[in-house]
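Examination of the molecular architecture
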Amino acid sequence: MMDLFAIVRVFYEYPIPAHFNKFWLVPLIIIVMSYNWFRYERANLYPELRKKRKDEDDNQKRKRGKLIVMGIVLVLSIPVLYGLIRHNIMEGKSFFE
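Conventions we followed
Residues numbered from 1 in each chain as written. Predicted model: local features only at pLDDT ≥ 70, side-chain atom pairs only at ≥ 80, totals over all residues. Heavy atoms only, no water. Phe/Tyr/Trp six-rings, centres within 6.5 Å; stacked < 30°, edge-to-face > 60°. Buried < 20%, exposed > 50% of the residue type's maximum accessible area, 1.4 Å probe, protein only. Salt bridge = Lys/Arg side-chain N within 4 Å of Asp/Glu carboxyl O.

1. As for the packing of aromatic side chains
Taken as a whole, this structure holds one aromatic pair when the rule is applied. Look at Trp37 and Phe38: their rings are 4.9 Å apart centre to centre, the planes differ by 80°, and that puts the pair in the edge-to-face class. Residue class for Phe38 comes out partly exposed when judged on its relative accessible area of 47%.

2. Observations concerning the pattern of salt bridges
Enumeration according to the criterion identifies two salt bridges in this entry. Among the ionic pairs, Arg53 bridges to Glu56, the shortest N-O distance being 3.6 Å. Given the relative accessible area of 17%, Glu56 is considered buried. Across the pair Arg64 and Glu56 runs a salt bridge whose closest N-O atoms are separated by 2.9 Å. Residues joined in a network through salt bridges with shared partners are Arg53, Glu56 and Arg64.

Dropping the structure here:
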């Protein structure tokens, strides 16, 4: 979600509300966690996924592992890079100012 906010903020500089509180996101987090629990944990998909992935060759496993690691790095690096660029290079200004 932070990536989405960072990408939107690159193109459109929106103000953060004065009374913004980080606890406003708690209901959204609870909804997402509940959905994930019902979808993945409650259904106990591990045996099905294990059966499906057990016969993959090692090359395919390595390829999927690299894609997962690259995805995690990308998701974590977008907000960090946005903050570094905006505050250190652009001195807090928008790209279009």
